[in-house]
Amino acid sequence: STQMSCQTARVPAAAIKSASAARRGASRRGGRVASAASGRDDVAHARHHHHRAATDRPADWRSRVAAVGAALALACTPLTPALADDAAHLAAPVADAVEAGAPSTPGPVDEPEPVEIAFDDVEVGQAPDIDAQLARDAAQKSAGLTDLEQKAVDNNLKIKQYNNAPADFPTFVREGYDVRIITPPGYVTQDDGLVYKDFKVGEGKLPEDGQEVTFNYVAYNENGGTIDSTYRKGVPASTRLGINGMIPGFEEALKGMRAGGTRRVVVPPELGPPVGPATFFSSKQWEVFDIELIKVKSCERQQTGFMTSTVVCTD
């Protein structure tokens with residue numbers, strides 16, 4: 001059985017439009033012929049045209065209403081095989097054009113996101129380095145830094161450059177008493193907060209309490225400025241382990257090294273030196289040390305007299 005549905009009827013719209021256009025064209029041609037025939041007398045023509053327009057207006061509206069009614073009736077007509085063939089015939093050129101790769105209506109174009117570059121980061125007379133800024137933005141995102149923290153990092157970087165800090169030096173972001181340390185790849189953080197990176201692993205056994213270690217070191221502050229160095233003195237340092245003669249974090253770092261190794265250690269305030277008016281340090285700060293362990297000696301106490309003894313360390 002054939003079902004009637006105005007919602008699902010497929011009607012060739014081009015056929016309705018062409019029929020309406022034909023009626024309007026015929027009406028216009030008729031008007032032009034009448035105008036040409038009565039062109040001898042302009043006044044008579046104007047009167048005739050005004051009279052005809054007044055009389056034909058109701059007819060024109062009736063024709064339009066009739067056309068609309070016919071279109072609705074056609075839309076509600078059951079889809080017969082003949083109409084289906086007509087619809088398929090009209091849709092075939094469209095399908096062929098799509099298969100041939102005919103251009104379609106372009107969609108919205110994705111605009112690139114703007115890149116913000118600080119004015120101070122652009123040298124006078126130079127173009128902004130967009131690629132470098134994108135790399136910094138990616139690094140900031142991977143580190144999980146806020147814009148305020150990133151500004152502190154940039155400021156710390158400028159200070160480190162001024163202080164000639166070594167490569168791969170950690171970055172400290174200080175907000176009041178809270179400090180966040182950002183380290184390049186390769187650093188290890190222990191459970192007690194000590195951070196280190198081995199640049200060269202030495203040989204032999206790890207030093208133990210009671211043994212004597214000989215080493216060179218360079219001490220830095222948080223901004224990469226040099227505080228102290230045995231290289232400046234020209235003589236390496238030597239001390240025994242386990243006698244509380246060094247900063248706790250420094251001694252802990254030495255116990256994890258082997259002779260011939262080099263290590264950078266970041267000592268948190270909890271493992272740093274004591275602070276106070278009677279000490280060299282007035283506030284709790286992070287310290288960074290570059291350590292080169294030269295050699296390790298075993299020590300033993302030897303009797304030198306009836307009431308005296310001394311500790312002798314040998315290789």
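Everything here concerns the structure above.
Please read these numbers as outputs of a predicted model, since none were measured by experiment. (Residues numbered from 1 in each chain as written. Predicted model: local features only at pLDDT ≥ 70, side-chain atom pairs only at ≥ 80, totals over all residues. Heavy atoms only, no water.)

Draft legend 1. Layout of the overall build of the protein. A tally of regular secondary structure across the protein gives seven helices and ten strands. The buried share among the 315 residues of the protein stands at 22%. Of all intrachain contacts in the protein linking residues separated by at least 6 positions in sequence, the fraction that spans at least 24 positions is 59%. Accessible surface, the protein as shown: approximately 22,100 Å² in total, 56% of it carbon and sulfur. (Helix = DSSP H or I, 4+ residues; strand = E, 2+ residues; numbered from the N terminus. Buried < 20%, exposed > 50% of the residue type's maximum accessible area, 1.4 Å probe, protein only. Contact = heavy atoms within 4.5 Å. Areas by Shrake-Rupley, 256 points an atom, 1.4 Å probe, with all protein chains shown as cover.)

Draft legend 2. Quick peek at the pattern of salt bridges. Considering all chains together, one arrives at six salt bridges under this definition. A salt bridge links R263 to D198, with the shortest nitrogen-to-oxygen separation between them at 2.6 Å. Of this pair, R263 sits in strand 8 (residues 262-267) while D198 sits in strand 4 (residues 195-200); the two residues are 65 residues apart in sequence, bridging distant segments of the chain. Judged by its relative accessible area of 6%, R263 falls in the buried class. Residue D198 is classed as partly exposed on the basis of its relative accessible area of 34%. Measuring nitrogen to oxygen at the nearest pair gives 3.7 Å for the salt bridge that ties K255 to E251. In this pair, K255 and E251 are both assigned in helix 7 (residues 248-255), four residues apart and thus about one turn of the helix distant. What emerges from the salt-bridge pattern is a single network uniting D209, E251 and K255. (Salt bridge = Lys/Arg side-chain N within 4 Å of Asp/Glu carboxyl O.)

Draft legend 3. Structural context of the environment of V213. Here V213 lies in strand 5 (residues 212-220). Distance in space between the C-alpha atoms of V213 and K255 is 9.4 Å, their sequence separation being 42 residues. Each residue touching V213, except ones within four places of it in the same chain, is listed here: P207, A237, S238, T239, L241, L254, L293, K295 and V296.

Draft legend 4. Here's a closer look at helix 7. Taken residue by residue, helix 7 has G249, F250, E251, A253 and L254 as its buried positions. Each element contacted by the buried residues of helix 7 is listed here: strand 5, strand 8 and strand 9 (287-303).

Draft legend 5. Layout of helix 5 (residues 147-162). If you check helix 5, its first and last C-alpha atoms are 23 Å apart, about what 16 residues at 1.5 Å a residue would give, namely 22 Å. The first or second residue beyond helix 5 is N164, which carries a positive phi of 55°. (Expected span 1.5 Å × (residues − 1).)

Draft legend 6. Geometry of the state of the cysteines. For the structure on display, the rule yields one disulfide. One disulfide in the model links C299 with C313; its S-S distance is 1.8 Å. The sign of the 105° torsion about the S-S bond sets the C299-C313 disulfide as right-handed. Here C299, found in strand 9, pairs with C313, found in strand 10 (residues 309-314); they are 14 residues apart in sequence, far enough to count as distant. (Disulfide = S-S within 2.5 Å.)

Draft legend 7. Spatial organisation of the side chain of T239. Relative to the assigned elements, T239 resides in strand 7 (residues 237-240). Each residue touching T239, except ones within four places of it in the same chain, is listed here: Q211, E212, V213, F215 and M246.

Draft legend 8. Expanded view of unusual backbone geometry. Backbone geometry places N164, a non-glycine residue, at a positive phi of 55°. For N244, which is not glycine, the phi torsion reads 60° and is therefore positive. Relative to the helices and strands, N244 is located in the loop between strand 7 and helix 7.

Draft legend 9. Here's a closer look at the nonpolar core. Ranked by size, the top nonpolar core spans 19 residues in total, and within it F215, F250, L254, V265, V267, F289 and I291 carry the most contacts. Among the secondary structure elements, those contributing two or more residues to this core are strand 5, helix 7, strand 8 and strand 9. Examining the composition of this core, we find that four residues originate from one element, strand 5, more than from any other. In this structure, F169, Y187, V218 and W286 belong to the second largest nonpolar core, which totals nine residues. (Core = buried A, V, L, I, M, F, W, Y, C linked by side-chain atoms within 4.5 Å.)

Draft legend 10. Structural detail: the environment of V153. The residue V153 is located in helix 5 in this model. The sequence separation of V153 and T171 amounts to 18 residues, and the corresponding C-alpha distance is 6.8 Å. In this view, V153 contacts L145, T171, V173 and I182; residues no more than four positions away in its chain are not counted.

Draft legend 11. Region of the structure containing the side chain of N216. Among the structural elements, N216 can be located in strand 5. For N216, the side chain forms a polar contact with the side chain of T230, separated by 2.9 Å. Those residues in contact with N216, other than ones at most four positions away along the chain, are T230, Y231, V235, P236, D290, I291, E292 and I294. (Polar contact = N/O pair within 3.5 Å; in protein donor to acceptor, adjacent residues only side chain to side chain.)

Draft legend 12. Focus on the pairing of strand 10. Here strand 9 runs beside strand 10; their pairing, made up of six bridges, is antiparallel. Bridged to Q303 within strand 10 is S309. Taking the residues between adjacent antiparallel strands as the criterion, strand 9 and strand 10 are bridged by five residues. (Pairing = 2+ DSSP bridges.)

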